Amino acid sequence: MDIDLIFKIAGLGMLTAVLHTVLNKSGKEEYAQLTTLVGVVIALGMVINLISKLFDNVKALFRLY
Amino acid sequence: MILIKLIFSFLIFTTCTAIGYFHGQKFDSRLQSLIYLEQCIKILETEIIYGLTPLPEALTNVSLKGKSKVAYLFEEISKDLISMKRDHIFHSFQSIETELYENLHLEKEDVEVFWGLGKVLGTSDTIDQQKNFKLTLKQIEGLISEAKSEKNKNEKLYRSLGVITGVGIIILLI
């Protein structure tokens, strides 16, 4: 199991939170919303492989193929 | 391998920070330019209304008395006016357009106000000129207050945005 990925996502989350606060404070709410969305998408892109692996494993375990 | 990674992440971080910093700096530069421009126009007003100095000479005097960040432009206008034998001083004002945008970081509306002064300069009697000076100074005052609020809003934002983007890219790449 790759533990680095967790730290990476944690870092990304912190950055997104800071970015959201900074943009929100300077009155650019729509950009703040957008950056949060982009952060979520990037984090999802990081874990999508693992999720697909998980579903494959579930399929293999219950012999659903 | 780790060393290369470290060096390049540092490089990315510095670049992003610098971009953010200089983008934020533009707002400060615009505000400063407008304030100095106002001072210079006030000096020019005094030269014309009370000193009754001829225009090229008055412009040169402004360039000597004003803050050098803006005042050198008046020297250039004066030089252009004499050397190119312009029939109207407005064409000399137009000749320094790129410098207004690039060195002083002015916006389009600031330049238009400045040019508005150029259009009427030296075309009528002192009373009318004084009215026009007053109008221009009033407009610049409004622009200064607008630039101030814009600076307060955006300068810090762009600076922190640069740093955060740099860190974000590094985290994504590592």
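Quick note: structure is the one above.
In what follows, the accompanying structure is described. Residue numbering note: each chain is counted from 1, following its sequence as written. Both sets of labels track the order of writing: A upward for chains, 1 upward for ligands. pLDDT decides what is reported in this predicted model: residues at 70 or higher carry local features, side-chain atom pairs at 80 or more are listed and counted, and totals for whole chains, interfaces and linings draw on all residues regardless. As a rule here, side-chain values come from all non-hydrogen atoms in the structure, and water together with hydrogens is ignored.

This part is about the layout of surface pockets. Residues are said to line a cavity or pocket when one of their atoms sits within 4 Å of a point; the points come from a 1 Å grid over protein atoms alone, cavities being sets where a 1.4 Å probe fits but cannot get out and pockets being open sets with protein on both sides within 12 Å along at least five of seven lines. Grid points are joined across faces, edges and corners, and a volume is the space filled by probe spheres set on the points. Reported here for the largest pocket is a volume of approximately 350 Å³. In terms of lining residues, the largest pocket is bounded by 19 residues, among which Leu-19, Thr-35 and Val-38 of chain A together with Ile-164 and Thr-165 of chain B are the most central. Looking at the lining of the largest pocket, the elements that each hand over two or more residues are helix 1 (4-25) and helix 2 (29-62) of chain A together with helix 7 (126-173) of chain B. Elements are defined by DSSP. Helices are runs of H or I of four residues or more, strands are runs of E of two residues or more, and each kind is numbered from the N terminus. Looking at which element gives the most residues to the lining of the largest pocket, the answer is helix 7 of chain B, with 8 residues. Among the residues forming the lining of the largest pocket, the class breakdown is 13 nonpolar, 5 polar and 1 charged. Residues are grouped as follows: Ala, Val, Leu, Ile, Met, Phe, Trp, Tyr, Cys and Pro are nonpolar; Asp, Glu, Lys and Arg are charged; every other residue, Gly included, is polar.

In this complex, chain A contributes 12 residues to the contact, which on the side of chain B involves 11 residues. Across the interface of chain A and chain B, roughly 990 Å² is buried in total on both sides, 82% from carbon and sulfur atoms. Contact with chain B buries area across many residues of chain A, yet Lys-8, Leu-15 and Ser-26 of chain A alone supply 44% of it, more than any other trio. Only one rule defines a salt bridge in this text: a Lys or Arg side-chain nitrogen within 4 Å of an Asp or Glu carboxyl oxygen. Counting across the chain A and chain B interface gives 0 salt bridges. Pairs of N or O atoms within 3.5 Å make up the polar contacts considered here, provided that, within protein, one atom can donate a hydrogen while the other can accept it, and that residues adjacent in sequence are counted only when both atoms are side-chain atoms. Taken together, the links from chain A to chain B amount to 1 residue pair in polar contact (both at pLDDT 80 or more). Mapped onto the side of chain A that touches chain B, the elements with two or more residues apiece are helix 1 and helix 2 of chain A. Per-element accounting of the side of chain A that touches chain B gives the leading share, 8 residues, to helix 1 of chain A. When the residues that make up the side of chain A that touches chain B are grouped by side-chain class, the tally is 8 nonpolar, 2 polar and 2 charged. Residues count as neighbours in contact if any of their non-hydrogen atoms are within 4.5 Å of one another. As used here, buried area is the combined drop in accessible area, with a 1.4 Å probe, of two parts when they are placed together.

What follows concerns unusual backbone geometry. When glycine is set aside, most residues are seen to have a negative phi, and most peptide bonds are trans. Residues and elements named next belong to chain B. Within the chain, Leu-52 stands out as a residue other than glycine whose phi angle is a positive 50°. Along the chain, Leu-52 falls in the loop between helix 1 (2-50) and helix 2 (55-65). Under the scheme applied here, a residue whose accessible area is under 20% of the maximum for its type counts as buried, over 50% as exposed, and between as partly exposed, the area being computed with a 1.4 Å probe on protein chains only. You can call Leu-52 exposed: its relative accessible area is 60%.

Treat this as a map of the structure, not an account of what it does.
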